[in-house]
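Summary of structural features
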Amino acid sequence: SVMGLLDDCEAHFGTRNLYEALHVEKSIEDKKLKKAYYSQSLKWHPDRFSAEDSDETRKQLATEKFQILSKAYEILSDKESRAVYDETGSVGEDDGPMSEEDFERCVKMWRGQFKKVTKEDIDAFFANYTGSEEEKEDVAAAYEKCKGDLDLIVEHVPSADNDESRLVEIIKQLIKDGELEETKKFKTSSAPKKIAARKRKADEEAKEAEKMLKKITDKEGEGDLAALILRRQGERANQATSFLAGLEEKYGGGAKKGAKKAKK
């Protein structure tokens, strides 16, 4: 993004307040802040996007959200920068455009603070998140932001890829309860044909991603593949090549993988 951190925070989370982005009160203590950062960033963590999701837009959004939450945590977990932010609302030098280096630094910071995220960790998080008040709030915020367009909403709700029909039911209930207004976009984009078409597209992309993952892991081994894939984000941003073509270009020639093992 060419915008600064607070602009990005507003664009992605609907607030310029770093505490609100992390779903915490201003008075939160350090230990609880770390736990909140873990919980919020897990929704958009790069390790979710190795093989399961080959949708480029969705992955890019997740990457940006992960970066914003990580930078917010960096500022609030440092006594001096937090004091400056609390007093002035300024994030100082951190309020610049985010780069590929920023992303790598965020991933490195995560690895230093938490163990490598496993599929079991992700599943456990979503077992608690699915059906929670927090998920309902995220769905409502995404609905407002996207004016009811499900084609876009599914990119903003971390659990949408699990069961879109359930997402539609949550929205319909929120409309029934008077918390949301039904839009034309919602009516058209929630039609059964549209839902089925999105499901077909997702299934096809998942199959392609699985094939590509097997090709890469056969050549490279398991390793921390997600971080490598997402590192390509910046390089591909202005190219017409597709996600899969980008992977072919990166791994097709037997390049050596430089991912380090995560710290415990």
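Below you will find a few notes about this structure. As the structure is a prediction and not an experimental result, all values here were calculated from the model.

1. Concerning the packing of helix α8 (residues 133–145) against helix α10 (residues 164–176)
One can describe the packing of α8 onto α10 by two numbers: an axis separation of 10 Å at closest approach and a directional angle of 80 degrees. Viewed along their axes, α8 and α10 adopt a mutual orientation that is roughly perpendicular. From α8, Glu-135, Lys-136, Val-139, Ala-140 and Tyr-143 reach across to α10, where they touch Arg-166, Leu-167, Ile-170, Ile-171, Leu-174 and Ile-175. Considered class by class, the residues forming the contact of α8 with α10 number eight nonpolar, no polar and three charged.

2. Topic: unusual backbone geometry
The phi angle at His-23 is positive, at roughly 60 degrees, despite the residue not being glycine. Within the fold, His-23 resides in the loop between α2 (18–21) and α3 (30–42). If you check the backbone angles, Lys-147 has positive phi at about 55 degrees while not being a glycine. Relative to the helices and strands, Lys-147 is located in the loop between α8 and α9 (150–156).

3. Some details on the environment of Gly-148
For Gly-148, the location among the structural elements is in the loop between α8 and α9. Leave out the neighbours within four places in its chain, and Gly-148 touches Tyr-143, Ile-153, Thr-183, Lys-185, Phe-186 and Ser-189.

4. Regarding the side chain of Ser-190
Residue placement: Ser-190 occurs in the loop between α11 (184–189) and α12 (192–220). At a separation of 2.6 Å, a polar atom in the side chain of Ser-190 contacts the main-chain carbonyl oxygen of Phe-186. Looking at Ser-190, its side chain comes within polar contact range of the main-chain oxygen of Lys-187, at 3.5 Å. Setting aside residues up to four positions removed in sequence, Ser-190 forms contacts with Leu-150, Val-168 and Ile-195.

5. Section: the packing of α3 against helix α6 (residues 100–113)
Between α3 and α6, whose axes approach to 12 Å, the crossing angle comes to 125 degrees. Taken together, α3 and α6 sit at an angle that is classed as oblique. In this structure, α3 crosses over α6, and the sense of that crossing is left-handed. Across the interface between the two elements, Lys-34, Tyr-37, Tyr-38, Ser-41 and Leu-42 of α3 pack against Met-109, Trp-110 and Gln-113 of α6. Among the residues making up the contact of α3 with α6, the classes are represented as five nonpolar, two polar and one charged.

6. Some remarks on the packing of aromatic side chains
For any pair of aromatic rings, the description consists of the separation of the ring centres together with the inter-plane angle of the planes. Here the structure, examined in full by the defined rule, presents nine aromatic pairs. Consider the rings of Tyr-37 and Trp-110, whose centres lie 5.9 Å apart with planes at 70 degrees: the pair is edge-to-face. On the criterion of sequence distance, the pair formed by Tyr-37 in helix α3 and Trp-110 in helix α6 is long-range, its members being 73 residues apart. Note on Tyr-37: relative accessible area 0%, which makes it buried. A relative accessible area of 0% means that Trp-110 is categorised as buried. By way of ring pairs, the aromatic residues Tyr-37, Tyr-38, Phe-66, Tyr-73 and Trp-110 are connected into one cluster. Lys-65 extends its terminal NZ or CZ atom over the ring of Phe-13, reaching a point 5.6 Å from the ring centre.

7. Topic: the pattern of salt bridges
In this structure the tally under the stated criterion is 11 salt bridges. A salt bridge links Asp-7 to Arg-16, with the nearest nitrogen and oxygen atoms 2.8 Å apart. Note on Asp-7: relative accessible area 31%, which makes it partly exposed. Arg-16 gets classed as partly exposed once you look at its relative accessible area, which sits at 38%. One salt bridge in this structure joins Asp-30 and Arg-82, with 3.6 Å as the shortest N-O distance. Placement of the pair is Asp-30 in helix α3 and Arg-82 in helix α5 (residues 79–88), with a sequence separation of 52 residues. The exposure class assigned to Asp-30 is partly exposed, which follows from its relative accessible area of 49%. Counted as one network, the salt bridges with shared partners bring together Asp-7, Glu-10 and Arg-16.

8. Some words on the side chain of Ser-70
Tracing the backbone through its elements, the reader meets Ser-70 in helix α4 (residues 56–77). Look at Ser-70 and you get buried, because its relative accessible area is 0%. Apart from the residues lying within four places of it in its own chain, the contact partners of Ser-70 are Tyr-37, Cys-106 and Met-109.

Thresholds, definitions, all that
- Residues numbered from 1 in each chain as written.
- Predicted model: local features only at pLDDT ≥ 70, side-chain atom pairs only at ≥ 80, totals over all residues.
- Heavy atoms only, no water.
- Axes fitted to C-alpha atoms, helices over the stretch in contact; angles between N-to-C directions.
- Helix = DSSP H or I, 4+ residues; strand = E, 2+ residues; numbered from the N terminus.
- Parallel < 35°, antiparallel > 145°, perpendicular 65-115°, else oblique.
- Contact = heavy atoms within 4.5 Å.
- Nonpolar A, V, L, I, M, F, W, Y, C, P; charged D, E, K, R; others polar.
- Polar contact = N/O pair within 3.5 Å; in protein donor to acceptor, adjacent residues only side chain to side chain.
- Left-handed = near helix turned anticlockwise from the far one by under 90°.
- Phe/Tyr/Trp six-rings, centres within 6.5 Å; stacked < 30°, edge-to-face > 60°.
- Buried < 20%, exposed > 50% of the residue type's maximum accessible area, 1.4 Å probe, protein only.
- Lys NZ or Arg CZ within 6 Å of the ring centre and 35° of its normal.
- Salt bridge = Lys/Arg side-chain N within 4 Å of Asp/Glu carboxyl O.

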